[in-house]
Amino acid sequence: MSGLDTILSRLDADIRAENDWGDVAAYIPELAGVDPAQFGIAVATANGQCHVAGDWDTGFSVQSITKIFTLAVALGRSGDQLWHRVGREPSGLAFNSIVQLEQEQGRPRNPFINAGAIVTTDEVLGNRPPREALAEIVQFVRHAAGDENIHINERVAASETSFGHRNFALAHFLAAHDNLRNTPENTLGTYFHHCALEMTTRQLAMAGRFLVDAPGLPRLISTGRIRRLNALMMTCGHYDGSGDFAYRVGLPGKSGVGGGILAIVPGIASVAVWSPGLNRYGNSKKGTEALATLARQMNWSVF
Ligand code: GLU
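Summary of the structure given here.

## Focus on the packing of aromatic side chains
- Counting across every chain of the model gives 8 aromatic pairs.
- Each ring, one from Tyr191 and one from Phe192, has its centre 5.7 Å from the other, and the planes form 55°; the classification is tilted. The exposure classification of Tyr191 matches that of Phe192, with both residues buried.
- One aromatic cluster is present, formed by Tyr27, Phe95 and Tyr239 through successive ring pairs.

Laid out in structure tokens, this is it:
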């Protein structure tokens, strides 16, 4: 066992011993039934190895973590055009807040809050049928992970569609401000489906390697774009908990309400954690704690 393997298995044992898991996201019925008492972690290093512990092989709903991949695809398609439609500032508000959108005339603060991700999805959609845009996003994720066995969970997508009133409100608001090119139904259909991608922590850590920027790792975007995506993850990746995450973990990361977090150690590793119980910001409680401990023990920080 390497030093990293020992650290990960000790981390897994410590997390389980504490037994205070947080609450799973209840607003998507399909996620409300997930047992919160689960924890998995995977670390894909620049030298090509992947170290794992706990429930690393359990598939979970990656939800907002897919916003990173969708953003990479959108920038690849339209370049900096996207920034006319969405900003790059932290929002300081909940992931699904509508308040700011009204105050700022339908231009979302950043591409990771829901409103911004809906605009980004609309950009990827262009004027194609949703299934073509989805195929491009899924293909990007599979290619990044080097794994064809990554799929969308249709039950989760349907569950979110039936109860997605807030996201429909955001999409209609964007349309009212002329910041949506497709119908709310088509854009949200695409959005809900990419959020419903299911992956294990190992698959997610492998997919995240395209943001590590080290020799020998998959190169899907330029170094400049890797740095800019990491900057957005650092400042906006955890909604109104982004400052706290930067303070505690010191690495760029993106969370999802399914309880996953992808964190990047530039030049060194891509780390995926999953524990479905969330903290008050809607980010994985145990996942955040595990990343803070791992970063401290490995002396990983961008600061
Ligand atoms: N699909 C979720 C939503 O739109 C994503 C939110 C998240 O993971 O933070 O509400």
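Moving on, there is more to tell.
## Section: the site of the ligand
- What surrounds the ligand is the set Tyr27, Gln63, Ser64, Phe95, Asn114, Glu160, Asn167, Tyr191, Cys195, Tyr239, Gly256 and Val257.
- One of the side-chain N or O atoms of Tyr27 is found 2.4 Å from an oxygen atom in the ligand.
- Glu160 places a side-chain nitrogen or oxygen 2.8 Å from a nitrogen atom of the ligand.
- Considering the ligand on its own, with 300 Å² of exposed area, one finds that the protein chains cover 100% of that surface.
- The cavity that encloses the ligand is the second largest cavity.
- Residues that form the shell around the ligand fall into these classes: 6 nonpolar, 5 polar and 1 charged.

## Structural notes on the pairing of strand β2 (residues 50-54)
- Here strand β1 (residues 40-45) pairs with β2 via 5 bridges, running antiparallel. What sits directly across from Ile41, in β2, is Ala53.
- Where β1 folds back onto β2 in an antiparallel hairpin, the turn is made up of 4 residues, including Gly48, whose phi is positive at roughly 95°.

## With respect to the sheet that holds strand β4 (residues 151-152)
- With antiparallel pairing, the 3 strands of this open sheet are ordered in space as β3-β5-β4. Among the strands making up the open sheet, the edge pair consists of β3 (60-61) and β4.
- Judged from the 2 bridges that link them, β4 and strand β5 (residues 197-199) form a sheet pairing that is antiparallel. Bridge pairing links Ile152 to Leu197 in β5.

## Concerning the environment of Thr235
- Relative to the assigned elements, Thr235 resides in helix α11 (residues 223-236).
- In this structure Thr235 touches Pro90 and Ser242, once residues within four positions along its chain are discounted.
- A polar side-chain atom of Thr235 sits 2.9 Å from the main-chain carbonyl oxygen of Ala231.

## Things to note about the environment of Leu180
- Its location among the elements puts Leu180 in the loop between α8 (165-176) and α9 (184-195).
- A relative accessible area of 11% means that Leu180 is categorised as buried.
- Spatially, the C-alpha atom of Leu180 lies 8.6 Å from that of Glu123, the residues being 57 residues apart in sequence.
- Apart from the residues lying within four places of it in its own chain, the contact partners of Leu180 are Arg85, Ile118, Asp122, Ala171, Leu174, Ala175 and Thr187.

Parameters and conventions
Residues numbered from 1 in each chain as written. Predicted model: local features only at pLDDT ≥ 70, side-chain atom pairs only at ≥ 80, totals over all residues. Heavy atoms only, no water. Phe/Tyr/Trp six-rings, centres within 6.5 Å; stacked < 30°, edge-to-face > 60°. Buried < 20%, exposed > 50% of the residue type's maximum accessible area, 1.4 Å probe, protein only. Near = heavy atom within 4 Å. Polar contact = N/O pair within 3.5 Å; in protein donor to acceptor, adjacent residues only side chain to side chain. Areas by Shrake-Rupley, 256 points an atom, 1.4 Å probe, with all protein chains shown as cover. 1 Å grid on protein atoms, 1.4 Å probe; cavity = no way out; pocket = protein on both sides within 12 Å on 5 of 7 lines; lining within 4 Å. Sits in = over half its atoms within 2 Å of the grid points. Nonpolar A, V, L, I, M, F, W, Y, C, P; charged D, E, K, R; others polar. Pairing = 2+ DSSP bridges. Helix = DSSP H or I, 4+ residues; strand = E, 2+ residues; numbered from the N terminus. Contact = heavy atoms within 4.5 Å.

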